[in-house]
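# Descriptive structure summary
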Amino acid sequence: MADFPITERIPSDLATLLERFFDVARQDIDSMRAALDNADFDELVRLGHTVKGTGSGYGFKAMGPIGHSIEQAALARDPEGVLQGVDTLRHYLDTVQVEFED
């Protein structure tokens, strides 16, 4: 697992959106676990891609590679790889430190 916590610098105008962002990201983790339980790799590809784009869009740069790893593992139909990526995402969300840019 990557070294966490890490600090992400987020534009200050996104501060009011972060609670919702983290709530949705944690819901995505639940959706990924359900998709993994059902071997729904197409849904896992979609969710991994979403994590990659959404996280990067909000300034959470480390989410890009995590989402990419989930997406690639799902494309390869690799449940262990998906699970590792999901666990990394959960740990990242639990430990990331946010600093606001002016």
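This text follows the structure it describes.
The structure contained in this document is the topic of the report that follows.

Parameters at a glance
Residues numbered from 1 in each chain as written. Predicted model: local features only at pLDDT ≥ 70, side-chain atom pairs only at ≥ 80, totals over all residues. Heavy atoms only, no water. Salt bridge = Lys/Arg side-chain N within 4 Å of Asp/Glu carboxyl O. Helix = DSSP H or I, 4+ residues; strand = E, 2+ residues; numbered from the N terminus. Buried < 20%, exposed > 50% of the residue type's maximum accessible area, 1.4 Å probe, protein only. Expected span 1.5 Å × (residues − 1). Axes fitted to C-alpha atoms, helices over the stretch in contact; angles between N-to-C directions. Parallel < 35°, antiparallel > 145°, perpendicular 65-115°, else oblique. Left-handed = near helix turned anticlockwise from the far one by under 90°. Contact = heavy atoms within 4.5 Å. Nonpolar A, V, L, I, M, F, W, Y, C, P; charged D, E, K, R; others polar.

What follows is about the pattern of salt bridges. Applying the stated criterion to the full structure yields seven salt bridges. Between arginine 9 and glutamate 99 there is a salt bridge; the shortest N-O distance is 3.1 Å. Here the residue arginine 9 occupies a position in strand β1 (residues 7-11), and glutamate 99 occupies one in strand β2 (residues 97-101), the gap between them amounting to 90 residues. Note on arginine 9: relative accessible area 39%, which makes it partly exposed. Between arginine 46 and glutamate 43 there is a salt bridge, and its shortest N-O distance comes to 2.7 Å.

The next subject is helix α3 (residues 63-75). Here α3 contains 13 residues, and its C-alpha end-to-end distance of 18 Å stays within 8% of the 18 Å for a straight helix at 1.5 Å per residue. Taken as a whole, α3 has its buried residues at Met63, Gly64, Ile66, Gly67, Ile70, Glu71, Ala73 and Ala74. Once α3 finishes, arginine 77 follows within two positions and takes phi at roughly 55 degrees, a positive value.

Below, the discussion takes up the packing of helix α1 (residues 18-37) against helix α4 (residues 79-95). At a minimum axis distance of 11 Å, the contact between α1 and α4 shows a crossing angle of 160 degrees. The angle between α1 and α4 places the two elements in the roughly antiparallel class. Handedness of the crossing formed by α1 with α4: left-handed. Seen from α1, the contacting residues are Phe22, Ala25, Arg26, Ile29, Met32, Arg33 and Leu36; seen from α4, they are Pro79, Val82, Leu83, Val86, Asp87, Leu89, Arg90, Leu93 and Asp94. Across the contact of α1 with α4, the residue classes tally to eleven nonpolar, no polar and five charged.

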